[in-house]
Amino acid sequence: MSTQQDNKFQQIISHAKEYGFVFPSSEIYDGLSAVYDYGPYGCELKKNIRDYWWKSMTQLHDNIVGIDAAIFMHPTTWKASGHIDNFSDPMIDNKDSKKRYRVDHLIEAKAEELAQEGKKEEEQALLQKMDELLAAEDFVALKKMIDDYNIKCSISDTANWTDIRQFNLMFKTEFGAVATDNPDDNIVYLRPETAQGIFVNFLNVQKTARMKIPFGIAQTGKAFRNEIVARQFIFRMREFEQMEMQFFVRPGTEGEWYQFWKEERLKWHISLGLPKEKYRYHDHIKLAHYAKEACDIEFEFPIGFKEVEGIHSRSDFDLTQHQQYSRKKQQYFDNDINPATGKPYGNYVPYVIETSIGLDRMFLLILANAYEEEVINKEDGSTDSRTVLHIPAKIAPVKLAILPLLKKDGLPEIAQQLLAECKPHFKCFYEEKDAIGKRYRRQDAIGTPFCITIDHQTKEDNTVTIRYRDSMKQERIAISSVKQLVLEAI
Ligand code: GAP
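Nothing here was measured: the structure is a model prediction, and the numbers come from that model.

A. Spatial organisation of helix H10 (residues 254-271). Relative to the 26 Å expected for 18 residues at 1.5 Å per residue, H10 spans 25 Å between its end C-alpha atoms, a close match to the ideal helical length. Once H10 finishes, Gly 273 follows within two positions and takes phi at roughly 80°, a positive value.

B. Quick peek at the site of the ligand. Close to the ligand lie 21 residues, the nearest being Glu 193, Met 237, Glu 244, Glu 307 and Val 308. Taking Gln 242, its side chain carries an N or O atom lying 3.0 Å from an oxygen atom of the ligand. Here the ligand has 560 Å² of accessible area as a free molecule, and 92% of this is covered by the chains. Of all elements in the fold, only strand E10 (239-249), strand E13 (304-315) and strand E16 (351-358) reach the threshold of two or more residues within the shell around the ligand. Take the shell around the ligand: its biggest share by element is six residues, from E13.

C. Examining the environment of Gly 216 more closely. Tracing the backbone shows Gly 216 in strand E9 (residues 215-224). In the structure, Gly 216 is positioned 155 residues away from His 61 in sequence and 9.0 Å away in space, judged by C-alpha atoms.

D. A look at the pattern of salt bridges. Evaluation of the coordinates by the stated rule reveals 38 salt bridges. Here Asp 334 ties to Arg 250 by a salt bridge, and the two come within 2.8 Å at their closest N and O atoms. A residue pair is termed long-range when its members are at least 10 positions apart, and Asp 334 in strand E14 (residues 332-338) and Arg 250 in the loop between E10 and H10 qualify at 84 residues. Accessibility classification places Asp 334 together with Arg 250 in one group, the buried group.

E. Local environment of the sheet that holds strand E6 (residues 165-168). Across the sheet, three strands lie side by side as E5-E4-E6; this open sheet has antiparallel pairing. Looking at strand neighbours, the two that pair on one side only are strand E5 (100-102) and E6, the edges of this open sheet. Going from strand to strand, the sheet's axes swing by 50° on average, the running direction of each strand aside.

F. Here's a closer look at the pairing of E10. E10 sits mainly inside the fold: 10 of its 11 residues count as buried. One ladder, built from 10 bridges, connects E9 with E10; its direction is antiparallel. Looking across to E10, one finds that Lys 222 is bridged to Glu 241. Of the pairings in the sheet, the one linking E10 to E16 comprises eight bridges and is antiparallel in character. Bridge pairing in E16 places Gln 242 opposite Gly 358.

G. The arrangement of the packing of helix H2 (residues 40-58) against helix H12 (residues 359-370) in detail. Remark: H2 packs on H12, axes separated minimally by 10 Å, with the N-to-C direction vectors making an angle of 110°. Of the possible angle classes, the one that applies to H2 and H12 is roughly perpendicular. Once H2 is placed against H12, the crossing between them reads as right-handed. Here Gly 42, Leu 45, Lys 46, Ile 49 and Arg 50 of H2 come into contact with H12, specifically with Leu 359, Asp 360, Met 362, Phe 363, Ile 366 and Leu 367. Among the residues forming the contact of H2 with H12, the class breakdown is seven nonpolar, one polar and three charged.

H. Seen up close, the packing of aromatic side chains. A full pass over the atoms with the stated rule returns 21 aromatic pairs. Ring plane angle 45° and centroid distance 6.1 Å describe the contact between Phe 21 and Tyr 41, whose orientation is recorded as tilted. Separated by 20 residues along the polypeptide, Phe 21 in the loop between helix H1 (3-18) and strand E1 (22-24) and Tyr 41 in helix H2 bring together distant segments of the chain. Centre to centre, the rings of Phe 247 and Trp 257 are 4.8 Å apart; their planes meet at 55°, and the pair counts as tilted. Residue Phe 247 is located in strand E10, and its partner Trp 257 is located in helix H10; the two are separated by 10 residues in the primary sequence. Overall, the relative accessible area of 1% leaves Phe 247 in the buried class.

I. The arrangement of the sheet that holds E10 in detail. Taken in spatial order, the seven strands line up as E3-E9-E10-E16-E13-E12-E11 in an open sheet, and their pairing is mixed. One side of each edge strand has no neighbouring strand; the edge strands of this open sheet are strand E3 (64-66) and strand E11 (279-283). Put simply, the sheet's adjacent strands are angled 25° from each other on average, direction ignored. Across five bridges, E11 lies against strand E12 (residues 293-301) in antiparallel orientation. Considered in E12, the bridge of Tyr 281 is made with Ile 297.

J. Region of the structure containing helix H13 (residues 411-422). Between its first and last C-alpha, H13 extends 17 Å over 12 residues, near the 16 Å set by a 1.5 Å rise per residue. Every buried residue belonging to H13 is among Leu 411, Pro 412, Ile 414, Ala 415, Leu 418, Leu 419 and Cys 422, and all of these are buried. Buried residues along H13 cover an arc of 160° about the axis, so they all sit on one side. For H13, the exposed residues lying more than 90 degrees away from the buried face are Glu 413 and Gln 417.

Rules behind the numbers
- Residues numbered from 1 in each chain as written.
- Predicted model: local features only at pLDDT ≥ 70, side-chain atom pairs only at ≥ 80, totals over all residues.
- Heavy atoms only, no water.
- Helix = DSSP H or I, 4+ residues; strand = E, 2+ residues; numbered from the N terminus.
- Expected span 1.5 Å × (residues − 1).
- Near = heavy atom within 4 Å.
- Polar contact = N/O pair within 3.5 Å; in protein donor to acceptor, adjacent residues only side chain to side chain.
- Areas by Shrake-Rupley, 256 points an atom, 1.4 Å probe, with all protein chains shown as cover.
- Salt bridge = Lys/Arg side-chain N within 4 Å of Asp/Glu carboxyl O.
- Buried < 20%, exposed > 50% of the residue type's maximum accessible area, 1.4 Å probe, protein only.
- Pairing = 2+ DSSP bridges.
- Axes fitted to C-alpha atoms, helices over the stretch in contact; angles between N-to-C directions.
- Parallel < 35°, antiparallel > 145°, perpendicular 65-115°, else oblique.
- Left-handed = near helix turned anticlockwise from the far one by under 90°.
- Contact = heavy atoms within 4.5 Å.
- Nonpolar A, V, L, I, M, F, W, Y, C, P; charged D, E, K, R; others polar.
- Phe/Tyr/Trp six-rings, centres within 6.5 Å; stacked < 30°, edge-to-face > 60°.
- Arc of directions from axis to C-beta.

Take a look at the structure:
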């Protein structure tokens, strides 16, 4: 990461804390690594992103329904899903600093160094080779790569490495208070993805909601991973939230549905007004243990292009595994006629296309894209500055600030009336204190798209000043049109 990128990232982290978006968890005890709490504006923004996703999935698609499965699941779930055996990352320890690193992160950091030195081709070759070796799980060759490039630990500045080993990322805890001879009997896991809650409920949902293939099941909720490298603010957390959708399709149609969802999901991002040029796809060479085809939607964060969402063609892997481990059939009867045979398609285990996006990561994306330290050229030739969050109006934590110019002359009363009219429809903020310029700046800093000022003219002609966050343009409009104007914008 360049110093400039690092500075911007640090500014966003400070801003998020100062303005009540994100706090380190249990901060009075010095925090807990890679765990964060959301403050008053943060939890509004997070909820708005979640709602926007939920609506796009379960309301705008007729064939997708939602569920809310528990975090604790029967431990066999994770045996069947492959997480107990395969959900691990290759890690390496530096013998001097005792610091543990994810092998791919270590090599990616070296690749970025090469890119910054202008060695673009070498960078690409290194990443390509790394992907191949990871896919082949060739840890000896990966270790040699680290040695050949003389990659060093950033703490000890030495290249004194252990061999590469696998490290499972699931958190374990004990369930209930029943003592047994075998301590493993009581072990449960905190789910590392929400997806399995959908798979184990496939038939419950299909039958009760009378869904016909192709159809999807959506879910949002917490997931937990004991991430090793966890120092990128809310980009990589140990407790985070996912928004996942499993789309069940007829075997043989998964290729076209994979393409459909790949495009559909990028459209969702763009529909929020986010810049298309900051997005790209990254097709996977190394596939997760369940995947047949997979790609990431990446965004250009201040820390570089990084994954925000994954689209995975999971074949019938999960349902077949659950069928085998539970000994309960996970089949669907398709009575549509197969043109090849003239008979119904009949019973089969559906194939699955998954879309999986991290809510916290999407939050960071919105914040990073919205943040601007703006220099303002004033009419008299002087300059001023402001920190503004250009958050899309539809998901902004506060939509409208209502600001009486003075605390007297009946202005607060008019403002309160407007507040009473608007607050059942969208989140408003009311403030009487401080000079109006200062109040505007505070709203800019939390990303409020519209401010309304009530002044003496309001008493004469029922007009107010509306001030637009992004352009800072001000105009007079009828007080009676305020609610509708905001509703249309959001
Ligand atoms: N069910 C598939 C699955 O979990 P994944 O690629 O491991 O796939 C999906 O995760 C998304 O979840 C990622 O694209 C990312 O946005 C988010 N995510 C994963 N690990 C995360 C972490 N430690 N902190 C924050 N978000 C994370």
